[in-house]
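# Architecture and fold: a report
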Amino acid sequence: MKSKAITLFTMTNILFLGELVGRCGISSLKAGLAGIKTKYSVDYTIINGEGMTNGYGIGKQHSMQLGKLGIDLTTGGEKMFYKPDFVEFMQKCSFVLRPLNYPPQCPGKGAKNVTINKSQFLIINLQGHSGMKQSIQNAFVTMESFLKKVEGDPVILVQYHAATTAEKATMLHFLDGKVAAVIGTHTKVMSADERVTDNGTAFISDNGRVGSFMSVGGFDIDTEINKYRSQIPQRSREAWDDPRIQGVVVTIDESTKKAVEIKIVDEKIDIKKPQEA
């Protein structure tokens, strides 16, 4: 847990959950999310849901299910449009954010204004460049331009979906003091660099995953090993060993619109593997 001195003003707790991986992740949310929200006094919950449907993409029905499970907002990156039914649905979907720096022809939005505890928040989803296959707008230039157009004085939260810690750390320094949080996603491995800067920006390179921990990014170990050994393409299979809900809780001081604390969430969840899985 990394924190700055906490004042007596109203605090808001934002839960940023790691990438949701398949049915194990879904079952983990069903069994454990409510308790975690109570434990950490969570006011608003954000999840990277692009791996919800069998680990690859998110389907229309699955995206709607997340709201019923207690998720307020879902984000995604390079995998979020893998399911055809979701592409059309995204045109009118208000509870999922695609990356802000995707082309304007792409359905959906990359930012959302919300009211939490009577305070205004602006949540932004961005995708990085290192290791990504899409040709997208520069994330840094996009943010610089977008921030100039922000109306009012909201608390700004950024989820940065990028592959390398260096790129995500660079985004932190670029936005330090301008936003309340820069939370990294994509690798599905919880990093140990969580902190709040002197300028009040909470940061972590990667907030982990929701799904099997004893796995390869939520996928079956033997299948992933065989893919490397044989170099023959195989479909990854969901894993079920050691289910966990990982993420971070960022505490915002509403009087300053700055982060004062970031806490690691890493909860083991007791669920059973279905017979057919």
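Notes on the structure in this doc start here. (Residues numbered from 1 in each chain as written. Predicted model: local features only at pLDDT ≥ 70, side-chain atom pairs only at ≥ 80, totals over all residues. Heavy atoms only, no water.)

### Considering the sheet that holds strand S6 (residues 111-116)
With mixed pairing, six strands are arranged side by side in an open sheet as S6-S7-S8-S9-S11-S10. Strands at the two margins of the open sheet, each flanked by one partner only, are S6 and strand S10 (195-196). The pairing of S6 with strand S7 (residues 119-127) spans six bridges and is antiparallel. Among the inter-strand pairings, threonine 115 is bridged to a residue of S7, identified as glutamine 120. (Pairing = 2+ DSSP bridges. Helix = DSSP H or I, 4+ residues; strand = E, 2+ residues; numbered from the N terminus.)

### A short note on helix H5 (residues 165-175)
Considered for burial, the residues of H5 that qualify are Glu167, Lys168, Met171, Leu172 and Leu175. Projected down its long axis, H5 shows its buried positions confined to an angular sector of 145 degrees, all on one face. Among the exposed residues of H5, those oriented more than 90 degrees off its buried face are Thr165, Ala166 and His173. Buried residues belonging to H5 abut S7, helix H4 (139-148), strand S8 (155-161), strand S9 (181-185), S10 and strand S11 (202-204). Immediately beyond the C-terminal end of H5, within one or two residues, lies glycine 177, with a positive phi of roughly 85 degrees. (Buried < 20%, exposed > 50% of the residue type's maximum accessible area, 1.4 Å probe, protein only. Arc of directions from axis to C-beta. Contact = heavy atoms within 4.5 Å.)

### Section: the layout of surface pockets
Estimates place the volume of the largest pocket at around 360 Å³. If you trace the largest pocket, you find 18 residues lining it, with Tyr56, Glu78, Lys79, His186 and Lys188 closest to the centre. Of the residues belonging to the lining of the largest pocket, the class tally is five nonpolar, six polar and seven charged. Roughly 240 Å³ of internal volume is contained in the second largest pocket. Surrounding the second largest pocket, 16 residues form its lining, Asp220, Arg237, Glu238, Ala239 and Trp240 being those nearest its centre. Taken together, the residues of the lining of the second largest pocket break down into six nonpolar, three polar and seven charged. (1 Å grid on protein atoms, 1.4 Å probe; cavity = no way out; pocket = protein on both sides within 12 Å on 5 of 7 lines; lining within 4 Å. Points joined across faces, edges and corners; volume = space filled by probe spheres on them. Nonpolar A, V, L, I, M, F, W, Y, C, P; charged D, E, K, R; others polar.)

### What about the packing of H4 against H5?
Between H4 and H5, the least distance of the axes is 11 Å, while the angle of their chain directions is 25 degrees. Classified by the angle between their axes, H4 and H5 sit roughly parallel to one another. Crossing of H4 against H5: the hand is right-handed. Residues Ala139, Phe140, Met143, Glu144 and Leu147 of H4 form the contact with H5, whose own contacting residues are Glu167, Thr170, Met171, Phe174 and Leu175. Considering only residue class, the contact of H4 with H5 consists of seven nonpolar, one polar and two charged. (Axes fitted to C-alpha atoms, helices over the stretch in contact; angles between N-to-C directions. Parallel < 35°, antiparallel > 145°, perpendicular 65-115°, else oblique. Left-handed = near helix turned anticlockwise from the far one by under 90°.)

### Concerning the pattern of salt bridges
Taken as a whole, this structure holds eight salt bridges when the rule is applied. Residue glutamate 224 is joined to lysine 227 by a salt bridge in which the shortest nitrogen-to-oxygen separation is 3.3 Å. Pair noted here: glutamate 224 and lysine 227 are both in helix H6 (residues 221-230), with a separation of three residues, about one helical turn. Taking relative accessible area as the criterion, lysine 227 reaches 21% and is therefore assigned partly exposed. Between aspartate 266 and arginine 244 there is a salt bridge; the shortest N-O distance is 3.2 Å. Within this pair, whereas aspartate 266 is found in strand S14 (residues 258-268), its partner arginine 244 is found in strand S13 (residues 243-253), the two being separated by 22 residues in sequence. Using a relative accessible area of 12% as the deciding quantity, one classes arginine 244 as buried. Connected through salt bridges with shared partners, the residues Asp242, Arg244 and Asp266 form a single ionic network. (Salt bridge = Lys/Arg side-chain N within 4 Å of Asp/Glu carboxyl O.)

### Quick notes on the nonpolar core
One broad rule of soluble globular proteins: the nonpolar side chains tend to lie buried together. Formed by 29 residues in total, the largest nonpolar core has its most connected members in Leu15, Leu17, Leu29, Ile47 and Leu66. Residue assignment for this core shows that the elements contributing at least two residues are strand S2 (11-20), helix H1 (22-39), helix H3 (84-89) and S13. The element best represented in this core is H1, accounting for five residues. When neighbours within four sequence positions are excluded, leucine 15 is seen to be in contact with Leu33, Ile36, Lys37, Val42, Tyr44, Thr45, Ile46, Val248, Val249 and Val265. Counting 23 residues, the second largest nonpolar core, distinct from the first, contains Tyr44, Val196, Ile204 and Ile262. (Core = buried A, V, L, I, M, F, W, Y, C linked by side-chain atoms within 4.5 Å.)

### Some remarks on H1
Along its 18 residues, H1 runs 25 Å from first to last C-alpha, staying within 8% of the 26 Å computed at 1.5 Å per residue. Along H1, the sharpest change in direction is near 50 degrees and occurs at glycine 32. Those residues of H1 lying buried are Gly22, Cys24, Gly25, Ile26, Ser28, Leu29, Gly32, Leu33 and Ile36. Considering only its buried residues, H1 is in contact with S2, strand S3 (44-48), helix H2 (60-68), strand S12 (209-212), S13 and S14. (Expected span 1.5 Å × (residues − 1). Bend = angle between axes of the 7 residues up to and from the residue.)

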